[in-house]
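Residue strings, one per chain:
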Amino acid sequence: METQVWFAPGRANLMGEHTDYNEGFVLPFALAQGVTATATARDDGLLVLRSKQVPDETVTVNPGSLAPGSVTGWAAYPAGVAWALGAAGLAVRGASVDVDSNLPAGAGVSSSAALECAVALALCSLSGISVPRTALAALAKQAENEFVGAPTGIIDQSAALLCQQGHAMLLDCQTLETTQVPLRPAAAGISILVIDTRVTHALVSGEYAARRAECEAAALALGVPSLGPLARTDPDAALAGRLADPVLRRRARHVVTDGARAMAIAGALQDTGDGRSGDETWRAIGSLLTEGHASLRDDFEVSWREADVTVEAAIAAGGYGAKMIGGGFGGSVLALVPADREGEIRAVLTETYLSRGWLPPEFLDAVPSPAGRRLS
Ligand code: GLA
């Protein structure tokens, strides 16, 4: 029986958090780390799922009789993908799928979407199904929303399937238009460090859904279909000032200004061209990152103590700027640091954590990498 190995990456997001489900702007890049799906066709029509991270469990399902709620835990993500493909009228053949990940789970680097997308690519290929990548991202998102039950947006699956090596991707979540902008920090002596704060989050938890509902309420009160597109027309979030409710006003301001920052960073990166532009450009990008963090902390209120301390300590130790990434309430911080200070900054952060009695942070080198692909 034929075996194929597929890979899909995690992502880090330079800017635009909680803007995706508001039809706004995001600027992720794909990581080198991700999920591998080794899939072998089966003649009995069954889907047999195993994960290296959960070694004692084998989950066997019949793709034709899947329904939301019928599979829980990690296997809900790959099973959900088979379900979404089936719901779109695409016949998924039986397969044994073994997954393995080198992404920390719950760390804000999109391990769920990497799992969905690696399995989606493998199942489509084994089944002879051809789906354009933008549509496949939408199906993987549907799996997460409807099968797993997490009301997330489209950034993670889009990053896993559409990003390009050496680039960040500006995605307009309303039109799904993408613009690849060069992101080659190493050529300018800069490192992007992803710092796992070791506080894990769960997106199915209520806060994410609560923020989503507040954004919808703010849009309704402003008389617009969604907040995100205002980043283009009202980058200073002046409209948000019309909201009487102070909480909704802050939420709207975050969504609009974060989208504007995503576009501003994309513009600055375009200028870096070959990656060798001046240090001021990178410093300016760093300042925007830190502004984004303040907005997530104060206006959107999704940051957490370890992230705030990490951002402050990274900057105090010579970083150009830093922000939390992902949905919040746990996960990772992204910092832009001069490469020659990286070792020192790592040491300072570890010391800072240990002196507070926290678990030491873990560091991921964040190298802008290609989207999902076949390995063999
Ligand atoms: C999670 C979700 C994404 C996005 C981010 C916040 O990662 O999966 O859709 O909303 O949070 O930017």
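Residues numbered from 1 in each chain as written. Predicted model: local features only at pLDDT ≥ 70, side-chain atom pairs only at ≥ 80, totals over all residues. Heavy atoms only, no water.

**Q** Just checking my understanding: could you explain the packing of helix 2 (residues 111-127) against helix 3 (residues 133-148) for this structure?
**A** Each pair of packed helices gets described by two things: the angle between the helix axes and the distance between those axes. Viewed as axis vectors pointing N to C, helix 2 and helix 3 meet at an angle of 125°, and their least axial separation amounts to 10 Å. In terms of axis orientation, helix 2 runs oblique to helix 3. In the packing of helix 2 onto helix 3, the handedness of the crossing is right-handed. Here Ser112, Ala113, Glu116, Cys117, Ala120, Leu121 and Cys124 of helix 2 come into contact with helix 3, specifically with Arg133, Leu136, Ala140 and Glu144. For the contact of helix 2 with helix 3, the residue count by class is 7 nonpolar, 1 polar and 3 charged. (Axes fitted to C-alpha atoms, helices over the stretch in contact; angles between N-to-C directions. Helix = DSSP H or I, 4+ residues; strand = E, 2+ residues; numbered from the N terminus. Parallel < 35°, antiparallel > 145°, perpendicular 65-115°, else oblique. Left-handed = near helix turned anticlockwise from the far one by under 90°. Contact = heavy atoms within 4.5 Å. Nonpolar A, V, L, I, M, F, W, Y, C, P; charged D, E, K, R; others polar.)

**Q** Is there a simple way to explain the sheet that holds strand 13 (residues 373-374) in this structure?
**A** Sheet strands line up and pair through hydrogen bonds in the backbone, either parallel or antiparallel. Taking strand neighbours across the sheet as the criterion, the 6 strands line up as 5-4-6-3-1-13 in an open arrangement whose pairing is mixed. What marks the edges here is a single partner per strand, and that holds for strand 5 (54-61) and strand 13. Where strand 4 (residues 47-51) meets strand 6 (residues 95-101), 5 bridges bridge the pair, whose relative direction is parallel. Note that in strand 6 the partner of Leu49 across the bridge is Val97. Where helix 4 (residues 155-162) meets the sheet, its contacts fall on strand 1 (3-13) and strand 3 (28-41), and the angle it forms with strand 1 comes to roughly 125°. (Pairing = 2+ DSSP bridges.)

**Q** Would you take a moment to explain the pattern of salt bridges for this structure?
**A** Per the stated rule, a full pass over the model turns up 21 salt bridges. Arg42 is paired through a salt bridge with Asp44; the nearest N and O atoms lie 2.7 Å apart. Using a relative accessible area of 24% as the deciding quantity, one classes Arg42 as partly exposed. With relative accessibility at 42%, the residue Asp44 sits in the partly exposed group. Two residues, Glu214 and Arg251, come together in a salt bridge whose shortest N-O distance is 2.6 Å. Taken together, the positions of Glu214 in helix 5 (residues 206-222) and Arg251 in helix 7 (residues 246-272) put the pair 37 residues apart, joining distant regions of the chain. In terms of burial, Glu214 and Arg251 fall into one category: buried. A single salt-bridge network, built from bridges that share partners, covers Glu214, Arg250, Arg251 and Glu301. (Salt bridge = Lys/Arg side-chain N within 4 Å of Asp/Glu carboxyl O. Buried < 20%, exposed > 50% of the residue type's maximum accessible area, 1.4 Å probe, protein only.)

**Q** What is the right way to look at the packing of helix 1 (residues 76-87) against helix 2 in this model?
**A** It is at 9 Å that the axes of helix 1 and helix 2 come closest, and there the two elements cross at 50°. Overall, the two elements helix 1 and helix 2 adopt an arrangement that is oblique. Along this stretch, helix 1 crosses helix 2, giving a crossing that reads as right-handed. Packed against helix 1, whose contacting residues are Tyr77, Pro78, Val81, Ala82 and Leu85, the element helix 2 presents Ser112, Leu115, Glu116, Val119, Ala120, Leu123 and Cys124 at the interface. Grouping the amino acids of the contact of helix 1 with helix 2 by side-chain chemistry returns 10 nonpolar, 1 polar and 1 charged.

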